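Below, each chain spelled out in residue letters.
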Amino acid sequence: MSTGETLILATLLLPLFTAGVIRAIGRAEDVRDTITLLAGIALAILCAAMLVRTGEGDAPSLVLAHPLPGLDIAFKLEPLGALFALMSSTLWAVNSLYSFGYMRAKRETNQTRFYMCFALAMAGVMGVAMAGNLFTMFIFYEVLTFATYPLVAHKGDAAARRAGRIYLGILAGASVLLLLPAIIIIYVLAGSTDFVAGGLLVDKAGPATAGLLLALIVFGAAKAALFPVHAWLPNAMVAPAPVSAMLHAVAVVKAGVFVLLKVSGYIFGADLMHANPVTQWLLWLAAATIVIASLVAMTKDEIKARLAWSTIGQLAYITSAALIGGAALTAGGLGMVTHAVGKITLFFGAGVIFAATGVSRVSEMRGLGRRMPLTFGAFLVGSLSVIGLPPFGGMWSKFLLITNAFDAGQPWTAWAMIASSILSTMYLMPIAVYGLLPPTGTQPAAFTLPGGAPRLSLTPIAITATLCLVLFFLAGPIVAFLGPLAGGAR
Amino acid sequence: MNAFIDFYAAPPGLTAHAAPLLVIGPLIAACAAALSPSTRSAWMISVGGTIFAFWMALCLAGEVARNGVVNYYMGGFAPPLGIAFRIDALGVMFALLISGIGVMAALFSGHTLEAEIMKGKRRLYQSGFLLCVAGLLGLSATGDAFNAFVFLEVSSIGTYALIGVGVDRRALPAAFNYLVMGTIGATFFVIGVGFLYAATGTLNMADMSGRLATLGDSRVVEAGFAFIVIGLGLKAAMFPLHGWLPAAYAYAPSLMGVFLSATATKAALYLMARFLFTVFGPHLDFVGLFLTWVMAPVAGAAAIICSAQAIFQTDIRRILAFSSVAQVGYIMLGVSMASAEGVSAGLFHLFNQALIKSALFMALGGLAFNIKATKLSDFSGVGRTAPWTMTAFAIGTFSLAGVPLTAGFLSKWRLIEAAFAAHWLWAVGVIAVSSLLGLIYAGRMLETIFFRAPVSEERAGEARFGVLVPLWILAAASVWYGLDASLPVDLSTAAAQALGLAPAGAAP
Amino acid sequence: MTVDRLLDIAVTINPGFYLIAAAVWAVFARGPGSRGVALLGGPALALLALLYAPASGTEITRSFFLGFNMSLYRPDSLSMIFGFGFVLAAALSGVYSLHREDRMQDSAGLLYAGAAMAAVFAGDLISLVVFWELTAVASVALVFARQTKQGQMAGMRYLLIQLLSGLLLMAGVVLYGLDAGSFLFADLGQLHRGVLIGMLDIHAPGGLLILAGVGIKAAFPTFHNWLTDAYPNTTETGAVVMSAYTTTLAVYVLARCFAGLDWLVWIGAAMTVYPVFFAVMENDLRRVLAYSTNNQIGFMVCAVGIGTPLAIDGAAAHAVAHIVFKGLLFMAMGAVFMRTGTTKASELGGLHRTMPWTTLFCLIGAMSISALPLFAGFSTKSMIMTAAHTPAMFAVWLMLLFASAGVLEHSGIKIPYFAFFSHDSGKRPKEAPFTMLLAMGLASALCLAIGIAPGWFFELLPYRSVAMAFLAQDLFTADHLLVQMQLLAFAVLAFVLLKRLKLYPTEQPGVILDIEWLWRKAAPAITGVLGRLAGRLGVWADKAFGRAGAGLISGSGQIFAPDGVVARHLPLAGAAIWTVALLSFVLILAMSSPG
Amino acid sequence: MTETRSGEQNDPHPQPAGEADEHPLSVLLFSWMRSDLFDRMFLAGLGALCAVLAALELVIHRHDGGGIDSLPVFQGVFGFLAFALAVLSGWPLGRLMRRPENYYRDQPDKDPDNTVEEEKEDGHDG
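Residues numbered from 1 in each chain as written. Chains lettered and ligands numbered in written order. Predicted model: local features only at pLDDT ≥ 70, side-chain atom pairs only at ≥ 80, totals over all residues. Heavy atoms only, no water.

Asker: Which residues make up the interface of chain C and chain D, and what values go with them?
Answerer: Taken residue by residue, the interface counts 78 residues in chain C and 76 residues in chain D. Summing both sides of the interface, chain C and chain D together bury roughly 7,100 Å²; the carbon and sulfur share of this comes to 68%. The tally of links from chain C across to chain D stands at 1 salt bridge. For Glu101 of chain D, the salt bridge identified is with Lys344 of chain C, shortest N-O distance 3.4 Å. Taken together, the links from chain C to chain D amount to 12 residue pairs in polar contact (both at pLDDT 80 or more). Put simply, the parts of the chain that give the side of chain C that touches chain D at least two residues each are helix H7 (149-180), helix H12 (262-281), helix H14 (309-340), helix H15 (356-369), helix H17 (394-420), helix H21 (478-500), strand E3 (511-512) and helix H22 (517-560) of chain C. Per-element tally for the side of chain C that touches chain D: the top contributor is H21 of chain C, with 19 residues. Across the side of chain C that touches chain D, the residue classes break down as 48 nonpolar, 14 polar and 16 charged. Of the pairings in the sheet, the one linking E3 of chain C to strand E1 (residues 98-99) of chain D comprises 2 bridges and is antiparallel in character. (Contact = heavy atoms within 4.5 Å. Buried area = accessible area lost by both parts, 1.4 Å probe. Salt bridge = Lys/Arg side-chain N within 4 Å of Asp/Glu carboxyl O. Polar contact = N/O pair within 3.5 Å; in protein donor to acceptor, adjacent residues only side chain to side chain. Helix = DSSP H or I, 4+ residues; strand = E, 2+ residues; numbered from the N terminus. Nonpolar A, V, L, I, M, F, W, Y, C, P; charged D, E, K, R; others polar. Pairing = 2+ DSSP bridges.)

Asker: Now, about the packing of helix H9 (residues 241-275) of chain A against helix H11 (residues 303-324) of chain A: what can you tell me, with residues and values included?
Answerer: Residue and element names in this part refer to chain A. Relative to each other, H9 and H11 sit at 15°, their axes nearing to 8 Å. Between H9 and H11, the crossing angle belongs to the class labelled roughly parallel. With respect to the hand of their crossing, H9 and H11 are arranged in right-handed fashion. Of the residues in H11, those in contact with Ala241, Ser244, His248, Val253, Lys254, Val257, Leu260, Leu261, Ser264 and Met273 of H9 are Lys304, Thr311, Leu315, Ile318, Thr319, Ala322 and Leu323. Looking at side-chain class alone, the contact of H9 with H11 contains 10 nonpolar, 5 polar and 2 charged residues. (Axes fitted to C-alpha atoms, helices over the stretch in contact; angles between N-to-C directions. Parallel < 35°, antiparallel > 145°, perpendicular 65-115°, else oblique. Left-handed = near helix turned anticlockwise from the far one by under 90°.)

Asker: Could you give an account of the nonpolar core, naming the residues involved and the relevant values?
Answerer: In terms of nonpolar packing, the biggest core is built from 648 residues, with Phe268 of chain A together with Phe275, Leu276 and Phe280 of chain B touching the most fellow members. The dominant element in this core, judged by the number of residues it contributes, is H9 of chain A, at 22 residues. Each of two domains, domain 1 (309-510) and domain 3 (562-595) of chain C, supplies a minimum of three residues to this core. Once residues within four sequence positions are removed from consideration, Phe268 of chain A is found in contact with Gly198, Gly199, Leu201, Val202, Ala210, Leu213, Leu214, Ile217, Val263 and Met273 of chain A. The next biggest cluster of nonpolar side chains, apart from the first, holds 11 residues, and it includes Phe146 and Ala172 of chain A together with Ala401 and Ala442 of chain B. (Core = buried A, V, L, I, M, F, W, Y, C linked by side-chain atoms within 4.5 Å. Buried < 20%, exposed > 50% of the residue type's maximum accessible area, 1.4 Å probe, protein only. Domains from an automatic or database assignment.)

Asker: Give a detailed account of the interface of chain A and chain B, specifying residues and quantitative values.
Answerer: Taken together, the 32 residues of chain A in the interface contact 27 residues of chain B. Put simply, chain A and chain B have 2 salt bridges between them. Here Glu447 of chain B ties to Arg161 of chain A by a salt bridge, and the two come within 3.2 Å at their closest N and O atoms. Our count for the chain A to chain B interface comes out at 3 residue pairs in polar contact (both at pLDDT 80 or more).

Asker: Can you break down the pairing of strand E2 (residues 71-76) of chain A residue by residue, with the values?
Answerer: Residue and element names in this part refer to chain A. Here strand E1 (residues 61-68) pairs with E2 via 5 bridges, running antiparallel. Bridge pairing in E2 places Leu62 opposite Phe75. Counted along the chain from E1 to the antiparallel partner E2, the turn is 2 residues long, and its residue Gly70 has a positive phi close to 80°.

Asker: Describe helix H6 (residues 158-190) of chain A, listing the residues and the values that go with them.
Answerer: All names here are of chain A. Over its 33 residues, H6 extends 45 Å from the first C-alpha to the last, a length consistent with the 48 Å expected when each residue adds 1.5 Å. The largest bend in H6 is about 40°, located at Val176. Immediately beyond the C-terminal end of H6, within one or two residues, lies Gly191, with a positive phi of roughly 80°. (Expected span 1.5 Å × (residues − 1). Bend = angle between axes of the 7 residues up to and from the residue.)

Asker: I'd love a proper account of the confidence of the model for chain A, names of residues and values included.
Answerer: If pLDDT is low for a region, its predicted coordinates should not be looked at in detail. Put simply, chain A has an average pLDDT of 88, and 98% of its residues get 70 or more. Least confident of the elements in chain A is E1 of chain A, whose mean pLDDT is 86; most confident is H11 of chain A, at 93. (pLDDT = per-residue confidence, 0-100.)

Asker: Can you break down the side chain of Thr375 of chain A residue by residue, with the values?
Answerer: Structurally, Thr375 of chain A is set in helix H13 (residues 373-387). Not counting the four nearest positions on each side in its chain, Thr375 of chain A is found in contact with Gly349, Val352, Ile353, Leu458 and Ile461 of chain A.

Asker: How would you explain the pattern of salt bridges if you had to name every residue and give the values?
Answerer: Oppositely charged side chains may form a pair once their charged atoms are brought near each other. If you walk through the whole model with that rule in mind, you get 29 salt bridges over all chains. Among the ionic pairs, Glu63 of chain B bridges to Arg66 of chain B, the shortest N-O distance being 3.0 Å. Note that Glu63 of chain B and Arg66 of chain B are positioned in helix H3 (residues 39-67) at a spacing of 3 residues, about one turn of the helix. In this structure Arg66 of chain B comes out as partly exposed when scored by relative accessible area, which is 27%. With a shortest N-O distance of 3.8 Å, Asp88 of chain B and Arg86 of chain B are connected by a salt bridge. Residue Arg86 of chain B is classed as partly exposed on the basis of its relative accessible area of 25%. If you follow the salt bridges from partner to partner, you end up with Arg157, Asp229, Glu282, Arg287, Glu516 and Arg520 of chain C in one network.

Written out as structure tokens, the structure is:
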């Protein structure tokens, strides 16, 4: 077995093994948490190694099983996948640290199941990231869906169960009804589901068929939360904060757009994306999603609901990039990373505030930042990054996304993004700013948690906020790394 | 069948007589079990008998892989005088399936009969079970239409009795209904065979097929066809003739649930496929019409309506029973495409379904000691108190719902693939919608079992080890074939070929 | 690596980055020493970098970043003068804010200065956009630093408008660059007499968007209220810092991109005139200064529109001089604000008794802005007036002349008069702290230096020879001095007469409506209504979906449940009927087949 | 802010003019302005200055654009009129456009009853 194969196998097995160990030693909290953290760090190191190899052009690959003739469970790294894997694993490690603080502070039950499902979900993410064909990607996409369901329904009360049902219903429903048939049709048309540089379906499907397939996939990958399959996301906010942070800013939603980016680049290819009649309609829908979701976010007082709607809008940015295809995929890839880091910072912040004070409404947060300067400072940084202002990573992705939209002759998409930037300022900035400034009316809520914000949860916020800044300078290298995706430099 | 080509499971002398031994073995075991001194020895005989049958099925598989078809004439008398066994790839597939599931059911029976069957009747129960096994195996091995009827009735009569014997009072009316409907079906079938005999003058299916080809448009043949497919449809629980099934499966002793759900309707399906493709052949207009205008719509309706019904059931076994009818719909949908891809996909699904359903009933039956009731709500939180049993149950449920990495996923994949290749886009939609409904009832069961609080504290305990072994074998098989389905795909493809359906070549 | 080598590298770094580095330092700086290093060391380093800057027009960093050609440092004579102005501003506001330890304001101010400076030296449109946005982010912190509800809300409005400007600029830049095939200044335009000005074509795709984006920051009419809204709502130091950069940067970008664009002449002229009327009515003196800024920027915009070398020199020179004297005025008002808590004319008066130094410096600032000969404004504004004084632009020249009289009214007279003289408010605040006075003193000295001996200053201008010729032949000629003195003296006469005749409006508290009414009053009302409507719609939709969902479940329950329709129509007893029906159907089907 | 308020509290009772707490520099620089002489002579002096400046036009040749600016004392007259126009237009414009201080409801609350409404308004402004 070559080094590359070993790397892939280790990346897949590490989270699974971790899940097993967590299950086995659940009682010993400290050991369990330490192992989770170590596993996250180890996974990030593995992913970094894969990223380096992929960057050198020596992409690791592995065929794990042949379920049906012509249909393999196969893995093959390419830049976007390597980036996604590294991003998710790094943020998992950070998020683990955060979870310890949060879950203990909130005295949540069933923590062993929580960490175990988290590890399983990471296995799903790794599978999606490294998948060498659509079939494998679908498998792990579903693994991710099912592994995260217990996390969404974690609290186990009626509301959580209802949210869990909606979550599973929409995600699994869309993938079964739409995504799976699309993949099978691709398989029938092309004889395989492999990701091929330049597009698998080139010369194998006409524009009309490609359009149908594209629509099936875009709505089938409901994790990307394009209207009208977005409804699961706001509902999933009943989950504990680390879940919202990791899954609904990083892993799950990004898996959705990641699928779209991959499909655009490696299944359809730029020409077929451009030639088929459905793309334009979907782009308009994405533009509508961007604007409407931002408008809805403005009306939400519940901070996690606001962030969830913001995520829906921001995901549609990346969906647009996937739909435009070609060079825009690079922008989409960068957007995937910068939004993940920015949004996880925001969710971290919201979680810490809730854990420390029990406040979850924006209107009750005035002046709270005086007592929690680090949290609100990081929240400000995350907000600026998500809005797309320098010196934070979000600026570059927004810039590139708008550039590509204009370049592709999609001015409406670009203008929707611009309008959404204004709107996102209006719904994000007041949270941090009013929080950091002295209260003007009633006094802010007191700490319900002795000692204030959980210490273990503050470090991760600082880390991700710093990452927002670092990404401003890393944007160039990331774009260069993703270069092969766009089919060469511009 | 390539997997079996170099497969020599027994000395040549035994292999030569494997076909009759496949049936006779369990028959002898049935007698022995009835006469055996104790429940325990009856159980051991039962296990031995089924293992022997499985062994013989493996021998036959090797022979079929090498020679294509195994013909065996009892006492050397060729048909039409003698009793002929004719086993091809399709027959072998069913023989393997029935005997394999038989072994699992027999293993399982050792620990559950005490809970469900009155003390004195346990040996006879084992005997009846073996009789069923023998009947079904005979059905898969025979080459004679009338013998097929005989074997069908042997197994059926055993089944009627075995369903009714349990401690659950509701099983009696269920068994009676099954008896009535089953007998109507059998009668229709034998009437149909009679018509065919009148038209062709033979009962040997191969001969029948040859002569039908020369007959042309014959009212008698057409009438016979109608009676045969409806009769077998009744036995196979073809929608809307499935009314007998849910109660029969739900209230029967769990051994019967385990065994019947995997085999009984499947055997009828086998016979139907045999008649549709071998005896009549899809080239006949009325067969084509039947497949397109009766079987396909009825199958689609079953897949959706019965899945929807399953969602609303409160009794966990009735959920599984309705699911079975829906799965029969899938299989028939595949068969009705009358293409190599479709039929092999249907058979592949049938194979998986057999594994899954027996595993699921086994898991429920294994808890029969602990949980007397069968309401879904009674299983609240069982996932925490009996994790091993219920994890296997969960795997089965995943496979049932077609979750990736399980065998059920791959067979649904194949079905959709075949439907698209046949340009049946509506069937793609039906399978997708029905899969979604399947996810819902599967999710409902799992949510109750794993995420609700247990009803009471003292309800604890796993199924016994003897139950867990076959249960986990089946669950593991579901996962294994989800990762590498070459064996069932091989079997079903060869079976479809044996039915005279050549792959279209367009298949990847 | 030798020291020489390090120095070689150091001078190839955009001078703005030194200020940004100082901003990072300031985040952690505690105590006067450490703060001094940041607040004064940063500007000092930046000044050194300017002095040793590479030759004009060289592209220093031509990095291949994000797939676009970017040039982070491209000094030329136009950027040098603005860079010089920003260094001055950073140093002066550094000294001015030494009295109060506030790390957020220190670092935000330095970051703001650094971003503006970096923008001025950026050699391509993308870098420009980045630093442009950075100025918005940094400066908004200064508005928020006021820490009042009023400040918070003004800050949010300010941020949104700045962001809108940045986004328009970004969209325009993207469109323009994609169309032109490059984002580099050097590729987009050609040199005009050795200076790269007016390089963008307004009619090309994106050109108008860029103009709109820049126009917002330059506070073009109808976009001017962010200025009058934000400046009065910052801290005493905030206004000083803010007055220096944003609008000046906008003037720079206009000169770089749109010099000679005739629209700008009229826009600029309009900008000089209308704030005069608002400034007369306004009660808040810092808001008066904001209108005054608007008016002064109008002169520069107009000059940029004229686009002749003299006009460009005038715009650049006036921009830098304006940084100094407007900074000085804001410093004076800041001192008043710090000591009395207000800058409302109706609450002030007679402060000269206890704040004579501030009064003195304020007067120097007032005379400078009024363009009294021997003060800075005279030297610089004269260039613009002279450039505009042609028959073709006679109307414009008259407008500028009117505005000059207006400046005298609101900045030359109203500011010092109502704050320090006028009727005695009875307030006896302490004199401003020493560091503040020091900063004001330095600014005053600069005003005088530019006013009395402008030669050294004119050396720095883009078209040096033109400026030197103007200095030699036009500036201090007798007739020029005479007409300027006439204008000012007669205007002062008007003031005194009107005052005596009690025709001069008394200062009264109140808010003066302006175009901002649209978004401060009308828009919230409309969005309020819409929001309530949307909220109701949302509730209704929620209910509808809930009902639909429940209906679907109960409906399908009625069909599929154990006692539902399907079960009723497929009862066991009926199975025989179904069997017969199906059998008949198959029989008919089979027999009717063509055979 | 706090510093400012404390400064205000230091001398809560402002004293009348010509007083002891006046800064020495102020006495030096500005006290003459308060003298009666200045009051009486200022307007006259200013008038004289204007007259001189007008008269100088006879001596100094003036560049002009050739339009109405070639009229005698053009800049002086224009300055006077412009100033007067700007100031006098403040009367009608002020009537038209001046609103109470807290027109935009962004001042700190003085009236406790107002609090609830203020909170409501905030959302729209953000």
